[in-house]
Amino acid sequence: DGGITQSPKYLFRKEGQNVTLSCEQNLNHDAMYWYRQDPGQGLRLIYYSQIVNDFQKGDIAEGYSVSREKKESFPLTVTSAQKNPTAFYLCASSMLETDNQPQHFGDGTRLSIL
Amino acid sequence: GNSVTQMEGPVTLSEEAFLTINCTYTATGYPSLFWYVQYPGEGLQLLLKATKADDKGSNKGFEATYRKETTSFHLEKGSVQVSDSAVYFCALSTRGSTLGRLYFGRGTQLTVWP
C-alpha cells in the first residue's frame, strides 16, 4: 500500500544534541512538508519542498534543517539551536498539478527532551 | 494574507446529537478548502474538500459547503457517534508560488459520549 512512513514514532533528545526525523513516501508525490503540532496551536509549517534539491522555509524554520536528495525522502533535523523542540512532528506529501490536491500525512514523531 | 479561524473547543456531545464546527477564512485569491480529522496519536486524514464556491464536500455523514459570500466552510453531521471523537482541522490552499501549501486552523476537539 502506498503511504508516508515516519520514524521513529518516539524520540528523545539530550541538551545540545541534533536529532533527525525520517520521512519516506512511496506515493510518487512531488511536494513534501514538515509541520509542528503543539497543543491548542494547530499545525505550523516548518519547511516544504516542491522538487528534489529545492526547499523553502515555512513559518517556523529557525532551529530546523532539511534536505531533499531523493523524491521519496525529506528528513528533518532538529538542531540544538531549537530551544523548545518538544512537540509532535508531522510529515505530509501531495501532488502539485493543481491547487486542490489534498495532502497525505504520516503518523507523526513525538519528540521529547531528556 | 491567508488564515483560517475555527470555533474553539472542546466540543462535547451525546451520541446522535447534531454537530456544527464553524470555520471562516481569509485568502488572497481563490482558495480550495479542506477538513481533516486527527484521531489520538495519529496523523491527519482528509475528511472532505471543496474547490469552488457552492461546492459541497461530503464523507462519512459529514458535510461542508464552500460559502464565498460569508467566507465560511462549516462542518456538519446530523448524528454523531462515539467513533467520531477526534480533533478536526479546517484548512485552505491557494495557487501561486506556494502551490500546495496548506494553512490550518487551530483544530477543534470533539468528544462524543454514549
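Attention here is on the structure that accompanies the text.

## Describing the sheet that holds strand β3 (residues 19-25) of chain A
Residue and element names in this part refer to chain A. Taken in spatial order, the four strands make up an open sheet running β1-β3-β8-β7, and their pairing is antiparallel. For this open sheet the edge positions go to β1 (4-7) and β7 (64-66), each flanked by a neighbour on one side alone. In this sheet, neighbouring strand axes are inclined to one another by 20 degrees on average, regardless of whether the strands run parallel or antiparallel. Two strands pair when backbone bridges link them, and β3 and strand β8 (residues 76-78) are joined in this way by three bridges, in the antiparallel orientation.

## A short note on the environment of Lys14(A)
For Lys14(A), the location among the structural elements is in the loop between β2 (10-13) and β3. We classify Lys14(A) as exposed; its relative accessible area is 52%.

## Focus: the interface of chain B and chain A
Across the contact, 25 residues belong to chain B and 24 residues belong to chain A. Of the roughly 1,900 Å² buried at the junction of chain B and chain A (both faces included), carbon and sulfur atoms supply 50%. Across the chain B-chain A interface, the total number found is one salt bridge. Ionic pairing is found between Arg101(B) and Asp59(A), a salt bridge with its closest N-O pair at 2.4 Å. At the surface where chain B touches chain A, the tally comes to four residue pairs in polar contact (both at pLDDT 80 or more). The element that contributes the greatest number of residues to the side of chain B that touches chain A is strand β5 (residues 32-38) of chain B, accounting for four residues. By residue class, the composition of the side of chain B that touches chain A is nine nonpolar, 11 polar and five charged.

## Describing the pattern of salt bridges
Side chains carrying opposite charge are able to pair once their charged atoms draw close together. Summed over all chains, the structure comprises eight salt bridges over all chains. Between Asp55(B) and Lys52(B) there is a salt bridge whose closest N-O contact spans 3.3 Å. Exposure remark for Lys52(B): the relative accessible area of 45% places this residue in the partly exposed category. A salt bridge links Lys56(B) to Glu63(B), with the nearest nitrogen and oxygen atoms 3.6 Å apart. Here the salt bridges share partners, and the residues they tie into one network are Arg36(A), Asp38(A) and Arg44(A).

## Focus on the packing of aromatic side chains
Here a ring pair, both rings aromatic, is described through the centre-centre distance and the interplanar angle of the planes. Within the structure shown, the criterion is met by 14 aromatic pairs over all chains. With a centroid separation of 6.2 Å and 70 degrees between ring planes, the pair formed by Phe105(A) and Phe104(B) is classed as edge-to-face. With Phe105(A) in strand β10 (residues 104-105) and Phe104(B) in strand β11 (residues 102-104), this residue pair bridges two chains. Taken as a pair, Phe105(A) and Phe104(B) share a single burial class, namely buried. Taken together, the ring pairs connect Tyr33(A), Tyr35(A), Tyr48(A), Phe105(A), Phe34(B), Tyr36(B), Phe89(B) and Phe104(B) into an aromatic cluster. The ring centre of Phe74(A) lies 6.0 Å from the NZ or CZ of Arg68(A), which sits over that ring.

## Here we look at the state of the cysteines
Residue and element names in this part refer to chain A. Applying the stated rule across the entire model yields two disulfides over all chains. Disulfide pairing is shown between Cys 23 and Cys 91; the S-S distance is 1.9 Å. With the S-S dihedral at roughly -75 degrees, the linkage between Cys 23 and Cys 91 falls on the left-handed side. Taken together, the residues span a long stretch of sequence, with Cys 23 in strand β3 and Cys 91 in strand β9 (residues 87-94) at a distance of 68 residues. The same class applies to Cys 23 and to Cys 91, which are both buried.

What counts and what doesn't
- Residues numbered from 1 in each chain as written.
- Chains lettered and ligands numbered in written order.
- Predicted model: local features only at pLDDT ≥ 70, side-chain atom pairs only at ≥ 80, totals over all residues.
- Heavy atoms only, no water.
- Pairing = 2+ DSSP bridges.
- Helix = DSSP H or I, 4+ residues; strand = E, 2+ residues; numbered from the N terminus.
- Axes fitted to C-alpha atoms, helices over the stretch in contact; angles between N-to-C directions.
- Buried < 20%, exposed > 50% of the residue type's maximum accessible area, 1.4 Å probe, protein only.
- Contact = heavy atoms within 4.5 Å.
- Buried area = accessible area lost by both parts, 1.4 Å probe.
- Salt bridge = Lys/Arg side-chain N within 4 Å of Asp/Glu carboxyl O.
- Polar contact = N/O pair within 3.5 Å; in protein donor to acceptor, adjacent residues only side chain to side chain.
- Nonpolar A, V, L, I, M, F, W, Y, C, P; charged D, E, K, R; others polar.
- Phe/Tyr/Trp six-rings, centres within 6.5 Å; stacked < 30°, edge-to-face > 60°.
- Lys NZ or Arg CZ within 6 Å of the ring centre and 35° of its normal.
- Disulfide = S-S within 2.5 Å.

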